[in-house]
Amino acid sequence: MSDRMHDVLVAGGGPAGLAVALGCAQAGMDVLVCERRPGVLDKACGEGLMPGAVHALAALGVDPPGHPIDGITYRQGRLTAHAPFRCGAGRGVRRVRLHDALGEAVRRAGIPVLDTPVTDVLQHDDHVRAGALRARYLVAADGLHSPIRALVGLRSPGRTSSPRWGLRRHFALEPWSDGVEVTWAPRSEAYVTPVAPDTVGVAILSPVRGGFTEQLAAFPELAERLAGAAPVSTVRGAGPLRQRTTGRVAGRVLLAGDAAGYVDALTGEGLALALTTGAELVRCLRAGRPADYDRAWARASRRSRWLTESLLWTRNRPVLGRRIVPAAVRAPWLFAAAVDQLAR
């Protein structure tokens, strides 16, 4: 296999990498995946798939099991604002179930998955070499803290201002809502996502590092509801969430998923964005125009980045941040329009 020239080598076997691999295979390209971690992969994630993400997975032949979600609810004290999805149902899906479904689709497509780590990249005029492997293009889908992004000079220098972290755990509890509920505390947010008829996932985003129980204390009503429920997963963490890049293309190397740059999990559409921009990456490779991907990525992610940046900017200003939910209550049409933009 080491002497064979592949069309695409995908470094990273998470959802973004597997989705790109499936798209490349559907486009008739010879693709293989490198993922050094064995088995089904898990990570801290809100686990709510927007309707657009459900549609994008269906186009790849992937239909992961989960729980239907019908919209987004914001809570702050006694205030509640709900915005239903207008373009179909979303789905709450355990990260491991999503990875398993994508992995099964990759196996059905006959895409090889190697446990070979990509630790060095050497670019030539017509191909990229990663160790003993050769491909016309290398897609780096190796996560939030992508080593390949740094290897090819696409990591933006400087420290992240106002860093935020995420924690996630599951509880054996019948969902009390068919939507994703976001509860706003003074400095953090808690996301409750139904992922099965008897399980909810709870994710907490905060600028303050600490244990899950410590962070949950900022949400007394939620903590009380979870008090009698048995945890059914270990705590997973991620961060700092914001990751800046100087671009997404370096010669024949292209960044995908979180490796391509990340703003925040505040709007809960990271997976949808990874799938949408991954489809643009495949389109550019199929056309033999990898340099077009940077512009295509910016265009496909513009709406999401603008909404997330705007919400995060407001959130980071205490006087304005505590007005987000009241504003959603006073202007439900505006809240519904914002959710509709994110859901597509």
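Note that the structure is a prediction, hence the values are computed from the model and not measured.

(A) Spatial organisation of the overall build of the protein. Helix and strand content of the protein: eleven helices and 19 strands. For a compact globule of 344 residues, the expected C-alpha radius of gyration is about 20 Å, and the protein comes in at 20 Å, within 12% of that figure. Over its C-alpha atoms, taken along the principal directions, the protein stretches across nearly 65 × 40 × 35 Å. A burial count over the protein gives 53% of its 344 residues as buried. Counted over contacts in the protein with a minimum sequence separation of 6, partners at least 24 positions apart contribute 73%. Each charge class in the protein was averaged separately, 44 positive and 31 negative side chains, and the resulting centres sit 6 Å apart.

(B) Structural detail: the packing of helix α7 (residues 270-286) against helix α8 (residues 293-315). For the pair α7 and α8, the least separation of the axes is 9 Å and the interaxial angle reads 155°. It follows from the interaxial angle that α7 and α8 lie roughly antiparallel. Considering the relative orientation of α7 and α8, their crossing is right-handed. Mapping the contact onto sequence places Leu273, Thr276, Thr277, Glu280, Leu281, Arg283 and Cys284 in α7 and Tyr293, Ala296, Trp297, Arg299, Ala300, Ser301 and Ser304 in α8.

(C) Up close: the packing of aromatic side chains. Inspection of every chain in the model, using the stated rule, returns three aromatic pairs. Where Phe171 meets Phe212, the ring centres are 6.1 Å apart and the plane angle is 35°; that geometry is what we call tilted. Residue Phe171 is found in strand β12 (residues 165-172), and its partner Phe212 is found in helix α5 (residues 212-216); the two are separated by 41 residues along the sequence. If you follow Arg225 out to its NZ or CZ, it ends over the ring of Trp176, 4.2 Å from the centre. The positively charged end of Arg248 is found above the aromatic ring belonging to Trp297, 3.8 Å away from the centroid.

(D) Quick peek at the pattern of salt bridges. Evaluated as defined, the whole model comprises 18 salt bridges. Residues Arg168 and Glu47 are paired through a salt bridge, measuring 3.3 Å at the closest nitrogen-oxygen approach. Here Arg168, found in strand β12, pairs with Glu47, found in the loop between β2 (31-34) and β3 (48-49); they are 121 residues apart in sequence, far enough to count as distant. With respect to burial, Arg168 and Glu47 carry one shared label: buried. Two residues, Arg242 and Glu309, come together in a salt bridge whose shortest N-O distance is 3.0 Å. A residue pair is termed long-range when its members are at least 10 positions apart, and Arg242 in the loop between β17 (236-238) and β18 (249-250) and Glu309 in helix α8 qualify at 67 residues. The exposure class of Arg242 is buried, given its relative accessible area of 11%.

(E) Broad picture of the nonpolar core. Among the nonpolar cores identified, the biggest contains 90 residues, and Val10, Ile72 and Tyr74 are the most heavily contacted of them. Per element, the largest residue contribution to this core is seven residues, and it comes from α7. When sequence neighbours within four positions are dropped, the list of residues in contact with Val10 reads Gly17, Val20, Ala21, Val31, Leu32, Val33, Cys34, Val139 and Ala141. With 14 residues, the next largest nonpolar core counts Val192, Val202, Leu216 and Phe219 among its residues.

(F) Broad picture of the environment of Leu216. Here Leu216 lies in helix α5. Each C-alpha atom of the pair Leu216 and Ala203 lies 9.5 Å from the other, and the pair is 13 residues apart in sequence. Leaving out residues up to four positions away in the same chain, Leu216 has contacts with Ile204, Leu222, Ala223 and Leu226.

(G) Summary view of the sheet that holds β3. Spatially, the three strands line up as an open sheet ordered β3-β7-β4, and their pairing is antiparallel. In the strand order of this sheet, the two ends are held by β3 and β4 (67-69), each with one partner. In this sheet, strand β7 (residues 90-92) lies alongside β4 in antiparallel orientation, the contact comprising three bridges. Bridge pairing in β7 places Pro68 opposite Arg91.

(H) Just helix α1 (residues 15-26), in detail. With twelve residues, α1 should reach 16 Å at 1.5 Å per residue; the first-to-last C-alpha distance of 16 Å fits that figure. Summarising burial for α1: ten of the twelve residues are buried, a large majority. Those residues of α1 that fall on the buried side of the exposure criterion are Pro15, Ala16, Gly17, Leu18, Ala19, Val20, Ala21, Leu22, Gly23 and Cys24. Close packing links the buried residues of α1 with β1 (5-11), β2, α3 (95-108), β11 (133-140) and α7. One or two positions beyond α1, positive phi appears at Gly28, with a value near 85°.

Parameters and conventions
- Residues numbered from 1 in each chain as written.
- Predicted model: local features only at pLDDT ≥ 70, side-chain atom pairs only at ≥ 80, totals over all residues.
- Heavy atoms only, no water.
- Helix = DSSP H or I, 4+ residues; strand = E, 2+ residues; numbered from the N terminus.
- Rg over C-alpha atoms; globule rule 2.2 N^0.38 Å.
- Buried < 20%, exposed > 50% of the residue type's maximum accessible area, 1.4 Å probe, protein only.
- Contact = heavy atoms within 4.5 Å.
- Lys, Arg positive; Asp, Glu negative; His and termini not counted.
- Charge placed at Lys NZ, Arg CZ, Asp CG, Glu CD.
- Axes fitted to C-alpha atoms, helices over the stretch in contact; angles between N-to-C directions.
- Parallel < 35°, antiparallel > 145°, perpendicular 65-115°, else oblique.
- Left-handed = near helix turned anticlockwise from the far one by under 90°.
- Phe/Tyr/Trp six-rings, centres within 6.5 Å; stacked < 30°, edge-to-face > 60°.
- Lys NZ or Arg CZ within 6 Å of the ring centre and 35° of its normal.
- Salt bridge = Lys/Arg side-chain N within 4 Å of Asp/Glu carboxyl O.
- Core = buried A, V, L, I, M, F, W, Y, C linked by side-chain atoms within 4.5 Å.
- Pairing = 2+ DSSP bridges.
- Expected span 1.5 Å × (residues − 1).

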